[in-house]
Amino acid sequence: MKPNIVLVHGAWADGSCWSEVVRQLQADGYHVISPQFPMSSLAADVARLREVLRFQTGPTLIVGHSYGGQIMTALATDAPNAVGLIYIAAFGLDEGESLGALLSQGPPTPALAHLFTDARGFNWISEDDFVNHFAADVDPAKAKVMYAVQQPLAMSIFGEVMGVPAWKALPSWYLVAADDEALPPDAERLFAARMGATTVEIPSSHVAMVSHPGDVAQLIKTAAETVPAAS
């Protein structure tokens, strides 16, 4: 049997961002789930992912986009049923690193240049930055819908320090989005190289699973054909 696929959305997105990838994988006979994450703390997001993994039957591949990579990386060695990690323009931090420290190493990327924080401490992206930079190669009408359903990220998460990363124990794959204006492509290449990930690179904005779902689905299927299958 084929491995299960669990898709982990990032900040300023929700589970629906994987819709076309889900459709393609389901058409090929995969069991896929794309749950919603609270984005209120790294611990809460990791707890959600662990619970989702526990009710999968058999080997499971985890696919994370952007901050979703942070969530699956923070599983450390407690990743029920997991047999591999697939990063889609995602953070793959090492022990002792944080999102805030990484992003502060250079000027704010165009997609994140005008983040604003609400009264509860959650960060949002403006419509202009979302449509023109975050989802730059998505049809503007669709990008505006994505903007409307964005899931904000708790500002406190930027200071969360990574423990032992899960990629040190599990095989990894990485899709680099060469035209990313949210997470610098050079950072993506660094993450992929140091985790020893099987890597592909495509000319895509940050939201490759929306603008290039076929490439994303293909990388997932390539990984699925490599990991142990369910009996």
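Read on for a plain summary of the structure. Computed from a predicted structure; not experimentally measured.

On to the pattern of salt bridges. Applying the stated criterion to the full structure yields eight salt bridges. The salt bridge partner of Asp78 is Arg50, with a shortest N-O separation of 3.1 Å. Residue Asp78 is found in the loop between helix 3 (67-73) and strand 4 (82-88), and its partner Arg50 is found in helix 2 (residues 42-54); the two are separated by 28 residues along the sequence. Residue Arg50 is classed as buried on the basis of its relative accessible area of 19%. Between Asp94 and Lys168 there is a salt bridge, with its nearest N and O atoms 3.3 Å apart. Here Lys168 lies in the loop between strand 7 (153-154) and strand 8 (172-177) and Asp94 lies in the loop between strand 4 and helix 4 (99-103), a separation of 74 residues in the sequence. In the salt-bridge network here, residues are joined through shared partners; they are Asp186, Arg189 and Glu201.

Located in the positive-phi region is Trp12, a residue other than glycine, with phi close to 60°. Among the secondary structure elements, Trp12 is positioned in the loop between strand 1 (4-8) and helix 1 (19-27). Residue classification places Trp12 among the buried positions, given a relative accessible area of 5%. With a phi angle near 55°, Ala76 is a residue other than glycine that sits in the positive phi range. Looking at where Ala76 falls in the secondary structure, it is placed in the loop between helix 3 and strand 4.

Between two packed helices, both the angle of their axes relative to each other and the distance between the axes serve to describe the pair. Running from N to C, helix 1 and helix 9 (residues 213-224) cross one another at 50°; their axes reach a closest spacing of 9 Å. By the angle class used here, helix 1 and helix 9 are oblique. Handedness of the crossing formed by helix 1 with helix 9: right-handed. Where helix 1 abuts helix 9, its residues Glu20, Val21, Gln24 and Leu25 lie against Pro213, Gly214, Val216, Ala217, Ile220 and Lys221. Class assignment for the residues of the contact of helix 1 with helix 9 results in six nonpolar, two polar and two charged.

A few words now on the packing of aromatic side chains. Within the structure shown, the criterion is met by five aromatic pairs. For the pair Phe91 and Phe191, a centre-to-centre distance of 6.2 Å together with 50° between the ring planes defines the contact as tilted. Here Phe91 is found in the loop between strand 4 and helix 4, whereas its partner Phe191 is found in helix 7 (residues 185-194), with 100 residues between them in sequence. Residue classification places Phe191 among the buried positions, given a relative accessible area of 1%. Summarising the aromatic geometry, the rings of Phe130 and Tyr147 are spaced 6.1 Å apart at their centres and angled 70° between planes, so their arrangement reads as edge-to-face.

With respect to topology, three strands assemble into an open sheet ordered 5-6-7, the strand pairing being antiparallel. Edge positions in the sheet fall to strand 5 (116-117) and strand 7, since each of these pairs with one other strand and no more. Where strand 5 and strand 6 (residues 122-124) come together, two bridges link them in antiparallel fashion. Considered in strand 6, the bridge of Thr117 is made with Asn123.

This part covers the sheet that holds strand 1. On the basis of which strands lie adjacent, the open sheet formed by six strands has the order 2-1-3-4-8-9 and parallel pairing. Here the strands that pair on one side only, and so sit at the sheet edges, are strand 2 (32-33) and strand 9 (198-202). Here five bridges tie strand 1 to strand 3 (residues 60-65), and the two strands are oriented parallel to one another. From the neighbouring strand, Leu7 faces strand 3, where its bridge partner is Val63. Running at roughly 165° to strand 1, helix 2 makes contact with strand 1, strand 2 and strand 3 of the sheet. Across the face of the sheet, helix 9 comes into contact with strand 1, strand 3, strand 4, strand 8 and strand 9 while running at roughly 165° to strand 8.

Calculation rules
Residues numbered from 1 in each chain as written. Predicted model: local features only at pLDDT ≥ 70, side-chain atom pairs only at ≥ 80, totals over all residues. Heavy atoms only, no water. Salt bridge = Lys/Arg side-chain N within 4 Å of Asp/Glu carboxyl O. Helix = DSSP H or I, 4+ residues; strand = E, 2+ residues; numbered from the N terminus. Buried < 20%, exposed > 50% of the residue type's maximum accessible area, 1.4 Å probe, protein only. Axes fitted to C-alpha atoms, helices over the stretch in contact; angles between N-to-C directions. Parallel < 35°, antiparallel > 145°, perpendicular 65-115°, else oblique. Left-handed = near helix turned anticlockwise from the far one by under 90°. Contact = heavy atoms within 4.5 Å. Nonpolar A, V, L, I, M, F, W, Y, C, P; charged D, E, K, R; others polar. Phe/Tyr/Trp six-rings, centres within 6.5 Å; stacked < 30°, edge-to-face > 60°. Pairing = 2+ DSSP bridges.

These figures come from the coordinates and say nothing about function on their own.
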